[in-house]
Amino acid sequence: MRQRIVTGVLAALFFLTMLAAGSRWYALLIIVLAVIAYQEFVRLNGAKAREPASLVGFAGILYLVVPWNVLFGWPVPPQQTVVWLLMFLFFALTVFSQNRTSIDKIALLFIGVVYIGVGFHYMIYTRWMTDGLFWTLLLFGCIWLTDVGAYFFGKLFGKHLLWPSISPKKTVEGAVGGVVISVATAVVFAAVRPELIGWKEAIAIGVIVSVLGQLGDLIQSAYKRVRNIKDSGTILPGHGGILDRTDSWIIVFPFVHLLGLLPQ
């Protein structure tokens, strides 16, 4: 637990420093995290990082995550076009390799590109919005404090298991506590910047972010259980890999934009 706390505090300080330093520094950090996350995903699925299918996946991650037009002024095709081209390239690999690269493998690697690439894309996109620092901190605050609330409410009041076949320690009481703390966090943000968000919108964001964040965590837990592993990696002592730490982020950031909860 001591190692977990020390690692968590140091990682959070570094992350928040990069976030506050500006959009470009934050974007650089997110790009690096996305590449590491996809590498973990590749390894989880029994592939090697340097094989052709994985390289196509890494290319897809870089396309989706890097804000090419903002950073470099480069025109890029629409995401749906590139997603289709990635699918085509993955399928072509099965032909050119004479099925040594199986369709099962490319299907998993393609899912990983969409799952990780779109999730991390919206993390950068949110920071680049007007008042992006505020909106990014709001979402991260709700995500992180959901975890804190769920942990302590679960410890103090947890009696009913939430989903024991996937995550045997999570409780219904902990999940509810996470939602309560997330809503309280969002309301505090609304009190600080009432011109940006009203309390009704804050409550909605607090509830939705907390529920989606906990679902994102369960999705990754379910996947790791299928693969019979505890952590996606070892880069963060006491915390596991990047996917372990960002599973909630990957789901929350795209969803709040799809639901129109943030200004466009």
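The rules behind the values
- In this numbering scheme, every chain counts its residues from 1 along its sequence in written order.
- With pLDDT at 70 or above as the cut-off, local features in this predicted model cover only qualifying residues; side-chain atom pairs require 80 or more to be listed or tallied, and sums for whole chains, interfaces and linings still use all residues.
- The side-chain values count all of the structure's non-hydrogen atoms but skip hydrogen atoms and water molecules.
- Helix axes use the C-alpha atoms of the stretch in contact, all axes being lines fitted to C-alpha atoms, and the angles between their N-to-C directions lie in the range 0 to 180 degrees.
- Each helix corresponds to a stretch of at least 4 residues labelled H or I by DSSP, and each strand to a stretch of at least 2 residues labelled E; elements are numbered beginning at the N terminus.
- By the definition adopted for this analysis, an angle is roughly parallel if under 35 degrees, roughly antiparallel if over 145, roughly perpendicular if from 65 to 115, and oblique otherwise.
- Take the far helix as your reference; a near helix turned counterclockwise from it by less than a right angle gives a left-handed crossing, and one turned clockwise gives a right-handed crossing.
- What makes two residues a contact is simply this: any of their non-hydrogen atoms within 4.5 Å.
- Only Asp, Glu, Lys and Arg are considered charged, only Ala, Val, Leu, Ile, Met, Phe, Trp, Tyr, Cys and Pro nonpolar, and every remaining residue, Gly among them, polar.
- In the cavity and pocket records, a cavity denotes points on a 1 Å grid over the protein atoms alone where a 1.4 Å probe fits but cannot get out, a pocket denotes an open set with protein on both sides within 12 Å along at least 5 of 7 lines, and lining residues are residues with an atom within 4 Å of a point.
- Grid points are joined across faces, edges and corners, and a volume is the space filled by probe spheres set on the points.
- A helix is expected to span 1.5 Å for every residue after the first.

(A) The arrangement of the packing of helix H9 (residues 199-227) against helix H10 (residues 242-258) in detail. Running from amino to carboxyl end, H9 crosses H10 at an angle of 135°, the nearest separation of the two axes being 8 Å. Regarding the angle of H9 to H10, the classification is oblique. Considering how the two elements wind past one another, H9 and H10 form a crossing that is right-handed. Each of Val209, Leu212, Gly213, Gly216, Asp217, Ile219, Gln220 and Lys224 in H9 lies in contact with H10, whose residues at this interface are Leu243, Asp244, Asp247, Ser248, Ile251, Val252, Phe255 and Val256. Its residues assigned to classes, the contact of H9 with H10 shows eight nonpolar, four polar and four charged.

(B) The layout of surface pockets, seen in detail. Each pocket or cavity is described by its volume, and for the second largest pocket that value is around 320 Å³. Secondary structure elements with two or more residues in the lining of the second largest pocket: helix H3 (52-65), helix H4 (68-72) and helix H6 (103-127). In terms of residue class, the lining of the second largest pocket is built from 13 nonpolar, three polar and no charged.

(C) Molecular detail of helix H2 (residues 23-44). In this model, H2 (22 residues) spans 31 Å end to end at C-alpha, consistent with the 32 Å of a helix rising 1.5 Å per residue. Positioned one or two residues after H2, Gly46 has a phi angle of 75°, which is positive.

(D) Just the packing of H2 against H6, in detail. Two elements in contact, H2 and H6, have axes separated by 10 Å at closest approach and are oriented at 165°. One way to sum up the angle between H2 and H6 is to call them roughly antiparallel. Where H2 crosses over H6, the two elements pack in a sense that is right-handed. Taking contact as the criterion, the partners of Ser23, Tyr26, Ala27, Ile30, Ile31, Leu33, Ala34, Ala37, Tyr38, Phe41 and Val42 in H2 are, on H6, Leu108, Leu109, Gly112, Val113, Ile116, Phe120, Met123, Ile124 and Arg127.

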